[in-house]
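Letter by letter, the chains look like this.
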Amino acid sequence: PDYACLGGSLIIEIKRFIGDPNKRLSNAVAAAAERDTWPKFLGEWPLESVLKNLPAAEAEALRKRVFDRLGRAIVTHMEKANSQLHAYCHVRSDVHLRLLVLINEDFEAYDPTSVTSIVSREYQKMRHDGSMRYADIDAVVFLTERHATLLNGSITFPVVAIESPWIEG
């Protein structure tokens with residue numbers, strides 16, 4: 001892992017988003033944008049603003065396709081981190097918390113709501129043998145510089161923590 005803290009009982013793997021997902025997202029909507037049902041507008045609009053004007057079934061299928069494309073980088077990071085954390089824990093039995101930190105510096109598409117949704121969805125997935133797909137990641141922390149906001153006159157950066165559903169509270 002990138003860091004081992006508290007005598008090795010806390011291990012942290014850090015992954016950051018480095019590729020702009022906009023091309024993948026544009027490819028996901030390209031075919032739909034050429035149909036007659038696609039709204040006509042000038043400039044760029046948030047996807048949800050466009051989807052609400054489409055027939056429900058078409059909007060839901062497109063939303064899923066875009067979400068899957070956006071999620072590819074998140075899934076890749078989770079899979080790699082899970083393997084790395086597993087390998088470390090295989091040789092150390094004193095690890096109590098295995099943490100993945102996802103960092104977004106500059107991509108609008110990786111917003112806290114979408115990332116939380118994708119990570120939560122991934123945590124629910126199981127392997128073919130019925131075991132947990134991400135058994136070696138106890139929690140994911142998402143940090144985003146791109147989605148900073150003013151709060152009481154100070155710049156505030158969103159921080160989201162998503163626990164594995166198998167963590168006992």
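All of the points below concern the structure found in this document. (Residues numbered from 1 in each chain as written. Predicted model: local features only at pLDDT ≥ 70, side-chain atom pairs only at ≥ 80, totals over all residues. Heavy atoms only, no water.)

1. Thoughts on the overall build of the chain
Phase 1: Regarding its fold elements, the chain presents 4 helices and 7 strands.
Phase 2: Put simply, the chain runs from its N terminus to its C terminus through helices and strands in the order β-β-α-α-α-β-α-β-β-β-β.
Phase 3: Here the chain holds 169 residues, and 38% of them are scored as buried.
Phase 4: Long-range contacts, defined as pairs at least 24 residues apart, comprise 70% of the intrachain contacts of the chain with a sequence gap of at least 6.
Phase 5: Only carbon and sulfur atoms are counted for the fraction: they give 55% of the accessible area of the chain, which is about 10,300 Å². (Helix = DSSP H or I, 4+ residues; strand = E, 2+ residues; numbered from the N terminus. Buried < 20%, exposed > 50% of the residue type's maximum accessible area, 1.4 Å probe, protein only. Contact = heavy atoms within 4.5 Å. Areas by Shrake-Rupley, 256 points an atom, 1.4 Å probe, with all protein chains shown as cover.)

2. Side note on the pairing of strand 7 (residues 159-163)
Phase 1: Alternating residues of strand 7 divide into V160 and I162, all buried, and V159, A161 and E163, none buried.
Phase 2: The sheet contact formed by strand 4 (residues 139-144) and strand 7 spans 5 bridges and is antiparallel. Bridging from a neighbouring strand, V140 pairs with I162 of strand 7. (Pairing = 2+ DSSP bridges.)

3. Topic: helix 3 (residues 56-91)
Phase 1: Given a rise of 1.5 Å per residue, 36 residues ought to cover 52 Å, and the 51 Å separating the end C-alpha atoms of helix 3 matches this to within 8%.
Phase 2: For helix 3, the principal kink sits at G71 and spans about 40 degrees. (Expected span 1.5 Å × (residues − 1). Bend = angle between axes of the 7 residues up to and from the residue.)

4. Things to note about the packing of aromatic side chains
Phase 1: One pass over the structure, following the stated rule, counts 4 aromatic pairs.
Phase 2: Consider the rings of F107 and Y110, whose centres lie 6.4 Å apart with planes at 80 degrees: the pair is edge-to-face.
Phase 3: For Y110, a relative accessible area of 1% translates into the label buried.
Phase 4: Three or more aromatic residues joined by ring pairs make a cluster, and in this case those are F17, F107, Y110 and F142. (Phe/Tyr/Trp six-rings, centres within 6.5 Å; stacked < 30°, edge-to-face > 60°.)

5. Re helix 4 (residues 112-124)
Residues spaced three or four apart along an α-helix face the same direction, because each turn holds 3.6 residues.
Phase 1: The end-to-end C-alpha distance of helix 4, which contains 13 residues, comes to 18 Å, matching closely the 18 Å that a straight helix rising 1.5 Å per residue would cover.
Phase 2: All of the buried residues along helix 4 are S114, V115, I118, V119, E122 and Y123. Buried residues of helix 4, seen end-on, are gathered within an arc of 165 degrees and therefore sit on one face of the element. Exposed side of helix 4, more than 90 degrees from the buried face: T113 and Q124 are the residues found there.
Phase 3: Tucked inside the fold, the buried residues of helix 4 contact helix 3, strand 3 (97-104), strand 4 and strand 7.
Phase 4: Between a side-chain oxygen at the N-terminus of helix 4 and the backbone nitrogen of T113 the separation is 3.1 Å; the capping residue is D111. (Arc of directions from axis to C-beta. Polar contact = N/O pair within 3.5 Å; in protein donor to acceptor, adjacent residues only side chain to side chain.)

Any functional reading would require information that these geometric values do not contain.
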